[in-house]
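So the chains spell out like this:
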Amino acid sequence: MPWVAAARERLAANGGVTETPERLAMAREAATESLVLLKNRILPLQVPATGRYRVAVIGAFADPPELYLGGYSSVQTEAGVANSVTPFQGIEAAVKKANPGATVDFLAGTLPGDLDTVDPAAVKAAAGYDVAIVVAGTDRSTASEDHDRTTLALPGAQADLIRRVAKANPHTVAYLQTVGQVDVAPFADFTAAILWSSFNGQQQGAALADVLLGAANPSGKLPFTWYASESQLPPMEDYGIRPTATTPGRTYQYFTGTPTFPFGYGLSYTAFRYDALRVTNDGGTLTATATVTNTGRRAGAEVVQLYATTPDARPADERPRKRLVAFRKIELGPHESASVTLSAPIEALAFFAGEKFRVDPGRYGLELAASSQDVRRRATVEVTDIPEPTPSVVTAKPIVVGDAAKGITQRLRFPVGSRIDPQLTVALTDQSLVHPAEVRYESNRPSVVRVEGKTLRAVRPGVATVTATVGAARGTFVLVVSG
């Protein structure tokens, strides 16, 4: 594999080091950006610079022998393990850096080797700490490519552990690192704060500590609707997302129930105000401009979201309640304001009908929001000038001229001297498919594959990359010529 050889050459020049300080810093930054603050009345933690301060980090997932990094993640060898930071390790390092005299203890929370049984001694001990941080999660035993979850409950007794610790210590933070949403009902009312992320990489502990102690202000947003329970979901074999007489539908676009947390939700250590929404339509692009102000005393980042609605659609059309058409993340200092512009092509308003997407002319609503349910400003826009679809994606299924009569639909190798029919298909911006009349071909190795009008000629053994251009769209495909 030539790319493997090239990678090895680069490693040799780098002394064989793959986990450089820059890459580890990137892993930490990505993990920090991924954390979503779901509830808060205690964070960021105020660690005194001196004096007594005690933190308990609790849970089997808080300090495991090996971090679970998620399905298809890289296998961590000695160097990777050495650079991994568990939640306990990250919190301990950050707290002791802020206060060298502080105490940070790890408590398993459940009996040794038994995730199903809460350790009452750990719960009792947790009551004596200034803050208790319970880390709960899932791993490959909960769900993987070949098996799905059957419940939204946290595995084992983890939910009960969080609830009991939070009732014993009102300064309890729950951090959930899970394959998706989980049922927080057993403990949500008792915890002082809840953080969530999916599997958050090898620097997850350092990133968690950055957010807990305020070195970073959380800005992550939920990429899904957080349903309250399995009762809000249809059977797994039911792929319908629209509501029915017996189901409330799925996703923020159609769900008619009350979620625990909506799509796009995520708190910050500061607050943001949206003002002066202005919307324009130039015939091809919708543009929304507004002023966003950080109203707090701490710098922070906000993900401004733009949703489109169809207020005049017929019920029979079964249009979604809203759709996210644009978003932008903006960083603001304390009490700073900035103009934010979000743009979306008219095609983003299209609905699939028959074999293509179609933009319905008429009135559309635009919502500027902090989540799919937290709408701050609304406006409407008329869409009457629908752009004509243009070439978007070019694909090829090359054959030898005459193969179609033999029932051959695609080839990988082509004999020297054969005429090649690329069998191009072009997807337009409305997703409809056409076979183009006008196309331009270019071969990067004409001595291997030569362009001859609307066909190609296999000249000699070798490999060539052919580029097909249709309008503004381009597609490439590789041809192998054999003797």
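Here the structure is a predicted model, which means the values were calculated and not measured. (Residues numbered from 1 in each chain as written. Predicted model: local features only at pLDDT ≥ 70, side-chain atom pairs only at ≥ 80, totals over all residues. Heavy atoms only, no water.)

**Student:** Looking at this model, I keep getting lost on the sheet that holds strand E20 (residues 424–428). Mind explaining?
**Tutor:** Strand order across the open sheet formed by three strands is E16-E20-E21, with antiparallel pairing between neighbours. At either end of the open sheet lies a strand with only one pairing partner, and these are strand E16 (391–396) and strand E21 (433–434). Pairing of E16 with E20 involves five bridges; the strand directions are antiparallel. Each residue of the ladder has a partner; that of Pro-391, found in E20, is Leu-428. (Pairing = 2+ DSSP bridges. Helix = DSSP H or I, 4+ residues; strand = E, 2+ residues; numbered from the N terminus.)

**Student:** Could you clarify how one ought to interpret the side chain of Thr-293 in this entry?
**Tutor:** Structurally, Thr-293 can be placed in strand E8 (residues 285–294). One polar contact links Thr-293 to Ser-337, side chain to side chain, over a distance of 2.6 Å. What Thr-293 contacts, discounting residues up to four positions off in sequence, is Ala-271, Phe-272, Arg-273, Asp-275, Leu-332, Glu-336 and Ser-337. (Polar contact = N/O pair within 3.5 Å; in protein donor to acceptor, adjacent residues only side chain to side chain. Contact = heavy atoms within 4.5 Å.)

**Student:** Mind showing me how you'd approach unusual backbone geometry here?
**Tutor:** Note: most residues except glycine have negative phi, and most peptide bonds are trans. Following Leu-43, the chain continues into Pro-44 via a peptide bond in cis, with omega recorded as 0 degrees. Here Pro-44 shows up in the loop between strand E1 (36–40) and strand E2 (54–58). Even without glycine at this site, His-335 takes up a positive phi of about 60 degrees. Looking at the element boundaries, His-335 is found in the loop between strand E10 (323–332) and strand E11 (337–345). Of note, Gln-431 is a non-glycine position whose phi angle comes to about 75 degrees, a positive value. Along the chain, Gln-431 falls in the loop between E20 and E21.

**Student:** Sorry if this is basic, but what is going on with the side chain of Arg-250 here?
**Tutor:** By the secondary structure assignment, Arg-250 is in the loop between helix H7 (204–212) and helix H8 (251–254). For the buried residue Arg-250, which engages in no salt bridge, the nearest side chain bearing the opposite charge is Asp-238, 4.5 Å off. Polar side-chain contacts of Arg-250 include one of 2.2 Å to the backbone oxygen of Asp-238. Within the local environment of Arg-250, its side chain forms a polar contact with the backbone oxygen of Gly-240, the two atoms lying 3.2 Å apart. When neighbours within four sequence positions are excluded, Arg-250 is seen to be in contact with Tyr-227, Leu-233, Pro-234, Asp-238, Tyr-239, Gly-240, Ile-241 and Phe-255. (Buried < 20%, exposed > 50% of the residue type's maximum accessible area, 1.4 Å probe, protein only. Lys, Arg positive; Asp, Glu negative; His and termini not counted. Salt bridge = Lys/Arg side-chain N within 4 Å of Asp/Glu carboxyl O.)

**Student:** Explanation requested: the packing of aromatic side chains in the structure shown.
**Tutor:** Here the distance between the centres and the angle between the planes together describe a pair of aromatic rings. Overall, the coordinates contain 11 aromatic pairs when judged by the stated rule. Taking 4.8 Å as the distance between ring centres and 75 degrees as the angle between the ring planes, the aromatic pair formed by Tyr-68 and Phe-199 counts as edge-to-face. Taken as a pair, Tyr-68 in the loop between E2 and helix H3 (78–82) and Phe-199 in the loop between strand E6 (193–197) and H7 lie far apart in primary sequence, 131 residues in all. Taking the centre distance of 6.0 Å and the plane angle of 85 degrees together, the rings of Trp-196 and Trp-226 count as edge-to-face. Residue Trp-196 is found in strand E6, and its partner Trp-226 is found in the loop between H7 and H8; the two are separated by 30 residues along the sequence. Residue classification places Trp-196 among the buried residues on the basis of a relative accessible area of 5%. Residue class for Trp-226 comes out buried when judged on its relative accessible area of 0%. (Phe/Tyr/Trp six-rings, centres within 6.5 Å; stacked < 30°, edge-to-face > 60°.)

**Student:** Is there a simple way to explain the pattern of salt bridges in this structure?
**Tutor:** Side chains carrying opposite charge are able to pair once their charged atoms draw close together. In total, this model carries 19 salt bridges according to the counting rule given. One salt bridge connects Arg-273 with Asp-275, and the closest N-O pair in it is separated by 2.7 Å. Several salt bridges share partner residues, and in doing so they unite Asp-160, Arg-163 and Arg-164 into one network.

**Student:** What should I look at first to understand a nonpolar patch on the surface in this one?
**Tutor:** Together, Met-1, Trp-3 and Val-4 make up an exposed nonpolar region whose accessible area comes to about 370 Å². Checked against the element boundaries, Val-4 lands in helix H1 (residues 2–13). (Patch = residues over 30% accessible without salt bridge, like charges linked within 9 Å, V, L, I, M, F, W, Y side chains within 5 Å. Areas by Shrake-Rupley, 256 points an atom, 1.4 Å probe, with all protein chains shown as cover.)

**Student:** Looking at this model, I keep getting lost on the packing of helix H2 (residues 21–34) against H7. Mind explaining?
**Tutor:** In helix packing, the relevant descriptors are the interaxial angle and the interaxial distance, both defined with respect to the helix axes. The N-to-C vectors of H2 and H7 enclose an angle of 50 degrees; their axes lie 8 Å apart at closest approach. It follows from the interaxial angle that H2 and H7 lie oblique. Crossing of H2 over H7 shows right-handed handedness. Between H2 and H7, the contacting residues are Arg-28, Ala-31 and Thr-32 on the first element and Gln-204, Ala-206, Ala-207, Asp-210 and Val-211 on the second. Partitioning the contact of H2 with H7 into residue classes produces four nonpolar, two polar and two charged. (Axes fitted to C-alpha atoms, helices over the stretch in contact; angles between N-to-C directions. Parallel < 35°, antiparallel > 145°, perpendicular 65-115°, else oblique. Left-handed = near helix turned anticlockwise from the far one by under 90°. Nonpolar A, V, L, I, M, F, W, Y, C, P; charged D, E, K, R; others polar.)

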